[in-house]
Amino acid sequence: MDESASRFKNCAPFFLLTLAPLFAVLLGSAFNIWYNITRVEPLLTPDQNQKFLTGVLWYNLVVYPPLIASWLSLVFSLYRPYCRLAESMEGQLHPEEMENLRRRVLNLPWYGISICGFGWLACAPSLSFALRFSSDPVAPMVDVQIAISILIAALITTTHAFYIVEIISQKFLYPRFFREARPYETSGTVVLSLRGHGFLWTLSIGFCPIVSLLLLEFAGDGEQTFAFKAAVGGLGIAFGLGSALLLSKLVVDPIHKLRDASRAVAAGNLDTKVDLLRADEFGPLIDEFNTMVKEMKEKQKLRETFGLHVGEEVAEQILERDPGLGGEL
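Criteria and cut-off values
Residues numbered from 1 in each chain as written. Predicted model: local features only at pLDDT ≥ 70, side-chain atom pairs only at ≥ 80, totals over all residues. Heavy atoms only, no water. Axes fitted to C-alpha atoms, helices over the stretch in contact; angles between N-to-C directions. Helix = DSSP H or I, 4+ residues; strand = E, 2+ residues; numbered from the N terminus. Parallel < 35°, antiparallel > 145°, perpendicular 65-115°, else oblique. Contact = heavy atoms within 4.5 Å. Nonpolar A, V, L, I, M, F, W, Y, C, P; charged D, E, K, R; others polar. Phe/Tyr/Trp six-rings, centres within 6.5 Å; stacked < 30°, edge-to-face > 60°. Buried < 20%, exposed > 50% of the residue type's maximum accessible area, 1.4 Å probe, protein only. Lys NZ or Arg CZ within 6 Å of the ring centre and 35° of its normal.

Peer 1: How would you sum up the packing of helix 5 (residues 95-121) against helix 6 (residues 123-131)? Please name residues and give values.
Peer 2: At a minimum axis separation of 5 Å, helix 5 and helix 6 run at an interaxial angle of 20°. Considering their axes alone, helix 5 and helix 6 lie roughly parallel with respect to each other. Seen from helix 5, the contacting residues are G119, W120 and L121; seen from helix 6, they are C123, A124 and P125. Partitioned by chemical class, the residues of the contact of helix 5 with helix 6 number 5 nonpolar, 1 polar and no charged.

Here it is, written out as structure tokens:
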């Protein structure tokens, strides 16, 4: 029973990682399907619509399986090392191999959005090409509408996939792979800074609704223009709130942990430690905080030890003056 529970505990993070991009893809697909029904389909003839749907089917059958296999292979390449590190507190892997694994963990969100992004962006020319098999002439704005739909869906997918994969990696993978190391000191990685997170969030809440509305004007109005604009705006707000919740896990949670730890130290609890591994600006800040508390605890212990022999006032003077290794009478 214990072995089964341990195996499930080791597998759970990897199942979450494999499903993380799927959740983001479903969000992007929901928008893409809705956009195609409301904006692309009315521009197609019955024969073109049939060719369009056939193109979507073949694209999903041909392109997505290799991309899914690539993501699964990448994620589960970390499974065996993850389990081996769980067996002992000391690393059982060669230092060079361990360094490569740490790079892979830190770059995992970028791998995820690269796979998702390619899957989406390659779809636009494929669907436009599929329409050319119809004998009916293609309307001038069809390709533009397809590109708009794919571009916005790709942005929705990649931003949410990045945040979800990063959150899961920090929670489950960092404690194992960075037990004896600092994530922010790992070379050969591309770590998104706090400013970069803010920029990515701005893209997800600003680009989708605003640019799509601008492109809608360029693409031409329809009878349901106002309803469409209202729906795009509502979807933009919904996706923005979703991104904000994910971003808060990355930014607000560490701030709360540091705040609570600071209050504990101010109350006299010098055993406080922030157990949080980060590769961005929070990493050095958390390490500096923990080092400061550790030094305060050592000074307090030294003060109490000296106070037993020379008196508390003399001990305070010694610590304040810090004569160094040479000593002073």
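There is more to say, and it comes next.
Peer 1: Residue-level account of the packing of aromatic side chains, with values.
Peer 2: Each pair of aromatic rings is reported with the distance of its centres and the angle of its planes. For the coordinates displayed, the defined rule picks out 13 aromatic pairs. Consider the rings of F14 and Y82, whose centres lie 5.2 Å apart with planes at 85°: the pair is edge-to-face. In this pair, F14 is assigned in helix 1 (residues 2-40) and Y82 in helix 4 (residues 79-87), connecting sequence segments 68 residues apart. When its relative accessible area of 4% is taken as the criterion, Y82 is described as buried. For the ring pair F129 and F133, a centre distance of 5.2 Å and an interplane angle of 90° mean the geometry is edge-to-face. When sorted by exposure, F129 lands in the same class as F133, which is exposed. Every member of this aromatic cluster is reached through a ring pair, and the members are F14, F15, F76, Y79, Y82 and F177. The ring of F172 carries the charged tip of K171 above its face, separated from the ring centre by 5.7 Å. Here the basic side chain of R176 rests over the ring of Y82, its NZ or CZ set 4.1 Å away from the ring centre.

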